[in-house]
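Each chain, letter by letter, is given below.
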There are 2 protein chains.
Amino acid sequence: MAKKVLKFGGTSVGTIDRILHVAKIIKKELDSGHEVIAIVSAMSGKTNELLNQSKTISKDFSKRELDVLLASGEQVTSSLLSGALIDIGVNSKSWLNWQIPILTEGENLNSRIINMNISKINKFLSDGGVAIIPGFQGVSKNGEVTTIGRGGSDATAVAVAKIFEADKCEIYTDVDGIYSTDPNKIPVAKKIDKISYEEMLELSSLGAKVMQSSAVQTAMMYNIPLEVKSTFTDRQGTKIFDQESIDYTKSVTGVAYSKDDAKITLIGVQDKPGVAANIFEPLSKNQINVDMVIQNISSDQKTTDITFTIKRDDLLKTIEILRNNKNIQYENMSHNDKVAKISIVGAGMVSTPGVTYRMFRGLAEEKINILAISTSEIKLSVIIDEHDTLKAIKKLHTIFELD
Amino acid sequence: MAKKVLKFGGTSVGTIDRILHVAKIIKKELDSGHEVIAIVSAMSGKTNELLNQSKTISKDFSKRELDVLLASGEQVTSSLLSGALIDIGVNSKSWLNWQIPILTEGENLNSRIINMNISKINKFLSDGGVAIIPGFQGVSKNGEVTTIGRGGSDATAVAVAKIFEADKCEIYTDVDGIYSTDPNKIPVAKKIDKISYEEMLELSSLGAKVMQSSAVQTAMMYNIPLEVKSTFTDRQGTKIFDQESIDYTKSVTGVAYSKDDAKITLIGVQDKPGVAANIFEPLSKNQINVDMVIQNISSDQKTTDITFTIKRDDLLKTIEILRNNKNIQYENMSHNDKVAKISIVGAGMVSTPGVTYRMFRGLAEEKINILAISTSEIKLSVIIDEHDTLKAIKKLHTIFELD
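Not measured: the values here are computed from a predicted model. Every chain is numbered on its own, with residues counted from 1 as its sequence reads. Chain A is the first chain written and ligand 1 is the first ligand written, with later ones labelled in order. In keeping with the predicted nature of the model, local features appear solely for residues at pLDDT of at least 70, side-chain atom pairs appear and are counted solely at 80 or more, and the whole-chain, interface and lining totals rest on all residues.

(A) Looking closely at the sheet that holds strand β5 (residues 112–116) of chain A. Residue and element names in this part refer to chain A. Across the sheet, which stays open at both edges, the four strands sit in the order β5-β4-β7-β8 with mixed pairing between neighbours. In this open sheet, the two edge strands, each paired with only one partner strand, are β5 and β8 (145–147). Across this sheet, the average inter-strand angle for adjacent strands is 50°, counted without regard to direction. Pairing between two strands is assigned when DSSP locates at least 2 bridges connecting them. Here a strand is any run of E in DSSP of at least two residues, a helix any run of H or I of at least four, and the numbering for each starts at the N terminus. Sheet analysis places strand β7 (residues 137–140) next to β8, joined by three bridges and oriented antiparallel. Along β8, the bridge assignment pairs Gly138 with Thr146. Placing a C-beta atom from the backbone of each residue, one calls two residues in contact when those atoms lie within 7 Å. Here, axes are lines fitted to C-alpha atoms. For helices the fit covers the stretch in contact, and angles between N-to-C directions go from 0 to 180 degrees. The strands that helix α3 (residues 63–87) touches are β7 and β8; relative to β8, the one it contacts most, it runs at about 75°. This element, helix α5 (residues 152–163), spans β5 and β8 of the sheet and lies at about 30° to β5.

Shown next as structure tokens:
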């Protein structure tokens, strides 16, 4: 017997039929002898509908009232699901956040869960009951309704799993797991059976948006076993553990890519302390997020070239700042907004020699030009021409035996 | 300066445009120097939508969870309206029932408001704030979500007016007041400027469903001045006071009717104590609601005729019970399911001689046969053939100068 936290996303509870189906999943877990706490999102589309209503009223709708408004979505799903469970003979109860309570801190629309009372629910679970908790929301110390940001139901699930000391947290969604790359766009994508938190975070921050990153971080910090699985099939999903628990048979776990980047190179920058800071400080002050930064070793020991990538939407603003800021000196600037970032991610990379070389040789065989390179412990990213994206992802799947 | 409770029904807040309009009404009251608490219903159709979802899940959906589900409707309206007020510069705040709290007792779906905490909201009002409270719901002593029955937002409004000692409670709705009879079906219907609680109750229980009866009763008990008015026009509505405050210029205030009645007459019932009880006890035990009861004086001192009316839907069941119950003895039974009940209501009736006679003569002039008569202090009801309904109502409007 284990204590499980099951989280059901918006599409999983998107219709009454699906809520009835989710009730059956929960009953099956209960019948297997597990204690179950279920976290639910709002029915798919509901949060956007409420958001749009608020926007129709005001472009600057009160954040306090928006929290009250949005919280209603998960309340509806919780009561419907709990009612569905009761109808099939399960002793179920929905617990609104103020009834538990789930305490949060921070500002409206962007709070963090700091604690919750577990005694009443634990008593209910040990009596054979199922607790249904609306995700995404909480109550502040002042008794105000708060929400914890889009995708926040994942964060609720992991926080509940942590505070209730659950044995496992299962994220039910509309895909059957984490894929080696985006399965909707890249046909060679393959489902991953096991992945580490770190790899998951790299893939997630690079565009594989199956789970909210901060929820994965929390799970990593408290070593809560996760599983991402489909609500609509019985197949096993993707299990997410710490690196030590995974026996890596492959050096690379997945290939992430993003296509909304732009690259800027400043040529002939003075190679002395403080120069990089002079460049990136004004960008940061203008809310421009710099992703990769590569500084080449200067050949003449006096000047260097600095290449960095930013969101494509920020390109014009960035060029303007670089041109007009007197503290930034360089000989020449080149930029390219038709680039893509391709990253191989794998916790096994560090212990497998030659991964970098194999990636570069593979891309060369496809005549794909590498415009910039950046590496970290479990990730290797390259910037390439955007139109080579698909070719590169396919080649990397072949090289690293992902397909 | 007065303290006002304004209640806005489902159609008044049925769309975002209407919510924006309601915000303007509230701001105008505030700008006139009043303190304002607004009670809101769910957007029109919302409660039915949620109810239907619950019915799709289970014909016997958990009442506890249904309360949680339904309460979300008014929560949405409260936050949208409060956001709309903030957008036009009003210091507004929605107060969910557990945040006040509004304490209720009784069972789920049918609770009663017993108390509420007024200090926080009174402080907010005296600082120039507007408090928005979702109607129809509360919190039990055990911290459970409760609702107080359909139309319960009226009850919330009156309870809030009572406990906050408001000077006035205004019920904003989609009609511009109380009419002498149903204006949607009877063209001669005319708006009433002033009416007593008692008359309002008689009209309400007889089918003029502008306000929930128990809310009117509470207002009467605590002498809270009410006004029913339209959200969509600036015209004065109908003011509801105690009888003493009204200077009656007319003996009759309105004409109510209902068309879903049936009449049963038991002929030759033994005229002795306990007979009526024998008849009505088994009906009551079978949830059959008996409305009018008329017992004629028996001519032979030994038997009498008893006529009573019931809901038309209960006719067959009632006949069966009367036929099969050995304790009920009578010579003959007649029944008629094509009858209507027409009632004239007026607090001025008691002090105006001849009202009864004028009614009977008027109906006779139209060749309308009276099948049964029942009178009370402020009401005189007759049962007539259903197809004479419109003719009777028109005639009564003419006789009593209502049109």
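That covers the picture; the talk isn't over yet.
(B) Geometry of the relation of the copies chain B and chain A. For the pair chain B and chain A, the superposition axis carries a translation of 0.1 Å, the fit reaches an RMSD of 0.2 Å, and the rotation angle comes to 180°. Put plainly, the chains are arranged around a two-fold axis. Identified as the residue of chain B closest to the rotation axis by C-alpha distance is Ser72 of chain B, at 2.8 Å. In this assembly the copies share their binding face: 100% of the residues contributing to the interface of chain B also contribute to that of chain A. Copy-to-copy superposition: least squares on the C-alpha atoms, limited to residues that have pLDDT of at least 70 in both copies.

(C) Summary view of the packing of helix α2 (residues 46–57) of chain A against helix α1 (residues 16–31) of chain B. Two numbers describe how α2 of chain A lies on α1 of chain B: the axes approach to 10 Å, and their chain directions differ by 45°. Taken together, α2 of chain A and α1 of chain B sit at an angle that is classed as oblique. Crossing angle aside, the handedness with which α2 of chain A passes α1 of chain B is right-handed. Facing α2 of chain A, whose interface residues are Gln53, Thr56 and Ile57 of chain A, α1 of chain B presents Ile16, Ile19 and Leu20 of chain B. Partitioned by chemical class, the residues of the contact of α2 of chain A with α1 of chain B number four nonpolar, two polar and no charged. By the definition adopted for this analysis, an angle is roughly parallel if under 35 degrees, roughly antiparallel if over 145, roughly perpendicular if from 65 to 115, and oblique otherwise. Throughout, a crossing is termed right-handed when the near helix is turned clockwise from the far one, and left-handed when it is turned anticlockwise from it by less than a right angle. Gly counts as polar in this scheme, as do all residues outside two lists: the nonpolar Ala, Val, Leu, Ile, Met, Phe, Trp, Tyr, Cys and Pro, and the charged Asp, Glu, Lys and Arg.

(D) Region of interest: the interface of chain B and chain A. Contacts between the two partners involve 29 residues from chain B and, on the opposite side, 30 residues from chain A. Elements that contribute at least two residues to the side of chain B that touches chain A include exactly α1, α2 (46–57) and α3 (63–87) of chain B. In terms of residue count, the dominant contributor to the side of chain B that touches chain A is α3 of chain B (14 residues). Here the side of chain B that touches chain A is built from residues that sort into 14 nonpolar, 13 polar and two charged.

(E) Examining the domain arrangement of chain A more closely. By convention here, the domain bounds are inherited from an automatic or database domain assignment. By the assigned domains, chain A splits into domain 1 (3–174) and domain 2 (255–399). Computed over C-alpha atoms, the centres of domain 1 of chain A and domain 2 of chain A are 40 Å apart.

(F) Molecular detail of the confidence of the model for chain A. pLDDT expresses how confident the predictor is about each individual residue, on a scale running from 0 to 100. Confidence along chain A averages 91 in pLDDT terms, with 98% of residues attaining 70 or more. Scored as a whole, the predicted complex attains pTM 0.84, and scored at its interfaces, ipTM 0.83.

(G) Layout of the packing of helix α10 (residues 355–365) of chain B against helix α11 (residues 389–399) of chain B. Residues and elements named next belong to chain B. Here α10 crosses α11 at 130°, and the two axes come no closer than 10 Å. Relative to α11, α10 is oriented oblique. Judged by the twist between their axes, the crossing of α10 over α11 is right-handed. Between α10 and α11, the contacting residues are Arg358, Met359, Gly362 and Leu363 on the first element and Ala392, Lys395, Leu396 and Ile399 on the second. When the residues that make up the contact of α10 with α11 are grouped by side-chain class, the tally is five nonpolar, one polar and two charged.

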